[in-house]
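# Chains, contacts and geometry: an overview
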Amino acid sequence: MEDFRTLIYNILTVWITLILLLIMLPSMCGVSLGISEVYMKILVKVLEWATLRIQKGFKDKESQRLAASSGIIQRDKSPMEKEIVGLRHSQDIQQGDFKLSDVFYFSKKGFEAIVEDEVTQRFSSEELISWNLLTRTNYNFQYLSLRVTFIWVLGVFVRYCILLPLRVTLATIGITWLVLGATLVGQLQNSRMKSWLSELVHLVCCRICARALSSAIQYHNKENRPKKGGVCVANHTSPIDVIILANDGCYAMVGQVHGGLMGVIQRAIAKACPHVWFERSEMRDRHLVTKRLKEHVSDKTKLPILIFPEGTCINNTSVMMFKKGSFEIGGTIYPVAIKYDPRFGDAFWNSSKNSMVSYLLRMMTSWTIKCTFGSLPPMARK
């Protein structure tokens with residue numbers, strides 16, 4: 001029994017040491033050892049090979065291309081005349097040019113247009129051209145060879161038995177450090193030192209949490225990054241957008257007061273630096289919300305406010321209309337664009353179908369979260 005305990009202790013010691021030396025310390029310093037780059041190259045090669053193997057199961061390549069449509073329903077591509085004839089009875093085909101049953105064709109097309117309009121499609125996961133060896137896929141791409149099946153089983157083992165424990169460990173450390181660090185910094189008197197320490201705690205902890213998702217982020221136009229006293233607006237795909245953005249700078253969050261673990265995090269970070277949290281009753285008072293946001297923006301020493309003007313998560317294939325309230329508080333607007341690569345993991349959160357726990361589990365068992373972050377030139381209201 002004593003030998004078993006010693007073995008477990010040694011394994012945990014080696015595990016924590018490797019995490020600290022190979023992942024946490026480089027992420028805290030904002031550097032990369034190249035491990036993630038090698039992992040991505042191997043992953044791309046494996047997915048390309050699996051795609052070629054799957055494609056061999058399809059004789060008609062054109063039908064494969066059509067089957068990969070991201071539509072909600074499967075449309076019939078037959079000509080109108082052929083479909084109408086198909087709806088008629090055989091004895092009615094030669095009788096006249098129009099039959100009452102022809103109405104069903106036009107009703108069917110009308111229902112299709114209503115069900116599958118451009119807006120509705122933005123609230124369902126983006127479909128892929130080929131399977132990425134994850135759970136989510138188009139059921140039309142289910143041809144599997146023995147080799148692909150073996151690679152999939154191996155991938156499940158890697159994702160759930162190696163990556164998931166590693167990512168849970170990193171997320172636990174990141175969240176714990178964020179709460180403890182923000183609480184300790186919050187005890188200091190307001191000063192430049194407190195602001196600097198607060199930003200350091202936020203930046204380091206968010207980088208650790210980003211590594212918990214094995215995120216690979218490419219930043220463009222860093223000269224346009226948001227500055228203090230401004231408003232950062234971005235497209236919204238999932239709750240992890242905040243972690244992706246906070247890897248390159250700190251932001252003041254805007255949102256409703258929560259309970260549970262989220263409430264503990266909110267209260268801790270609010271002590272370290274000014275965020276804008278609202279009670280449910282205050283959220284209904286639009287003028288009160290606008291007033292508090294204007295007061296925050298007018299102080300050039302406070303962090304830029306991060307707002308998602310779409311108001312909900314979109315599947316990252318389009319940008320929905322922005323709500324104008326985000327631009328009524330004044331200040332300089334810093335637009336930011338985030339684009340995820342769905343081949344390695346679907347970052348879209350469909351809150352109507354998936355709970356936060358199941359969504360985070362899916363994120364931590366995906367291959368990686370690869371995204372591109374672009375800062376656009378700042379704008380001011382004329």
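Predicted model only: the values in this text are computed from it and were never measured. (Residues numbered from 1 in each chain as written. Predicted model: local features only at pLDDT ≥ 70, side-chain atom pairs only at ≥ 80, totals over all residues. Heavy atoms only, no water.)

Here the focus is the overall build of the protein chain. Regarding its fold elements, the protein chain presents 13 helices and seven strands. Burial status across the protein chain gives 38% buried among its 382 residues. In the protein chain, 76% of the contacts between residues at least 6 apart in sequence involve partners at least 24 apart. For the protein chain, the accessible area works out to roughly 22500 Å², and carbon and sulfur atoms hold 63% of it. (Helix = DSSP H or I, 4+ residues; strand = E, 2+ residues; numbered from the N terminus. Buried < 20%, exposed > 50% of the residue type's maximum accessible area, 1.4 Å probe, protein only. Contact = heavy atoms within 4.5 Å. Areas by Shrake-Rupley, 256 points an atom, 1.4 Å probe, with all protein chains shown as cover.)

In total, this model carries three aromatic pairs according to the counting rule given. With 5.1 Å between their ring centres and 65 degrees between their planes, Tyr219 and Phe373 make a pair best called edge-to-face. Within this pair, whereas Tyr219 is found in strand 1 (residues 215–220), its partner Phe373 is found in strand 7 (residues 369–375), the two being separated by 154 residues in sequence. The class for Tyr219 is partly exposed, based on a relative accessible area of 22%. Between Trp349 and Tyr359, the aromatic rings sit 6.0 Å apart at their centres with planes inclined by 40 degrees, giving tilted as the arrangement. A residue pair is termed long-range when its members are at least 10 positions apart, and Trp349 in the loop between strand 6 (332–340) and helix 13 (356–364) and Tyr359 in helix 13 qualify at ten residues. In this structure Trp349 comes out as buried when scored by relative accessible area, which is 18%. Here the basic side chain of Arg159 rests over the ring of Trp367, its NZ or CZ set 5.5 Å away from the ring centre. (Phe/Tyr/Trp six-rings, centres within 6.5 Å; stacked < 30°, edge-to-face > 60°. Lys NZ or Arg CZ within 6 Å of the ring centre and 35° of its normal.)

Running from N to C, helix 7 (residues 146–185) and helix 8 (residues 192–211) cross one another at 170 degrees; their axes reach a closest spacing of 8 Å. The orientation of helix 7 with respect to helix 8, classified from their angle, is roughly antiparallel. Facing Leu170, Gly174, Ile175, Trp177, Leu178, Gly181, Ala182 and Val185 of helix 7, the residues of helix 8 in contact are Lys194, Leu197, Ser198, Val201, His202, Cys205, Ile208, Cys209 and Arg211. (Axes fitted to C-alpha atoms, helices over the stretch in contact; angles between N-to-C directions. Parallel < 35°, antiparallel > 145°, perpendicular 65-115°, else oblique.)

Another point: the pairing of strand 2 (residues 230–234). On any regular strand, side chains alternate: one points to one face of the sheet, the next to the other face. For strand 2, the buried fraction is high: five of the five residues fall into the buried class. What you see with strand 2 is no split at all: Gly230, Cys232 and Ala234 on one side and Val231 and Val233 on the other are buried throughout. Across five bridges, the pairing between strand 2 and strand 6 is parallel. By the bridge assignment for strand 6, Val233 is matched with Pro335. Two elements, strand 2 and strand 5 (residues 305–307), share three bridges in a ladder whose sense is parallel. When the bridges of strand 5 are listed, Val231 appears paired with Ile305. (Pairing = 2+ DSSP bridges.)

Contact geometry for helix 7 and helix 13: axes closest at 9 Å, N-to-C directions at 115 degrees. Listed contacts from helix 13 to Arg159, Leu164, Arg167, Val168 and Ala171 of helix 7 are Leu361, Met363 and Met364.

Moving on: the pattern of salt bridges. Inspection of the entire model under this criterion finds four salt bridges. Arg225 is paired through a salt bridge with Asp248; the nearest N and O atoms lie 3.7 Å apart. Taken together, the residues span a long stretch of sequence, with Arg225 in the loop between strand 1 and strand 2 and Asp248 in the loop between helix 9 (241–245) and strand 3 (254–256) at a distance of 23 residues. Here Arg225 falls in the partly exposed class, since its relative accessible area comes to 32%. One salt bridge in this structure joins Asp341 and Arg343, with 2.8 Å as the shortest N-O distance. The network of salt bridges with common partners includes Lys222, Arg225 and Asp248. (Salt bridge = Lys/Arg side-chain N within 4 Å of Asp/Glu carboxyl O.)

Together, Val14, Trp15, Ile16, Leu18, Leu20, Leu21, Leu22, Leu25, Leu33 and Ile35 give the surface a local cluster of nonpolar side chains, amounting to about 860 Å² of exposed area. With eight residues, the single largest contributor to the nonpolar patch is helix 1 (residues 2–29). Mapped onto the elements, Leu22 comes out in helix 1. (Patch = residues over 30% accessible without salt bridge, like charges linked within 9 Å, V, L, I, M, F, W, Y side chains within 5 Å.)

All right, on to the UniProt feature "transmembrane region" (unreviewed entry) in the protein chain then. Mapped onto this structure's residue numbering, the UniProt feature "transmembrane region" (unreviewed entry) falls at residues 12–35, 144–162 and 168–188. Between the end C-alpha atoms of residues 168–188 the distance is 31 Å, and the span holds 86% helix and 0% strand. (UniProt positions renumbered as here; feature names shortened; annotations may be inferred.)

So, on to the nonpolar core. Ranked by size, the top nonpolar core spans 45 residues in total, and within it Leu170, Ile240, Leu245, Tyr251, Leu306, Val336 and Tyr340 carry the most contacts. Top element by residues in this core is helix 7. It accounts for nine residues. The contacts of Leu245, once residues within four sequence positions are left out, are Ala234, Tyr251, Leu306, Phe308, Val336, Ile338 and Phe373. (Core = buried A, V, L, I, M, F, W, Y, C linked by side-chain atoms within 4.5 Å.)

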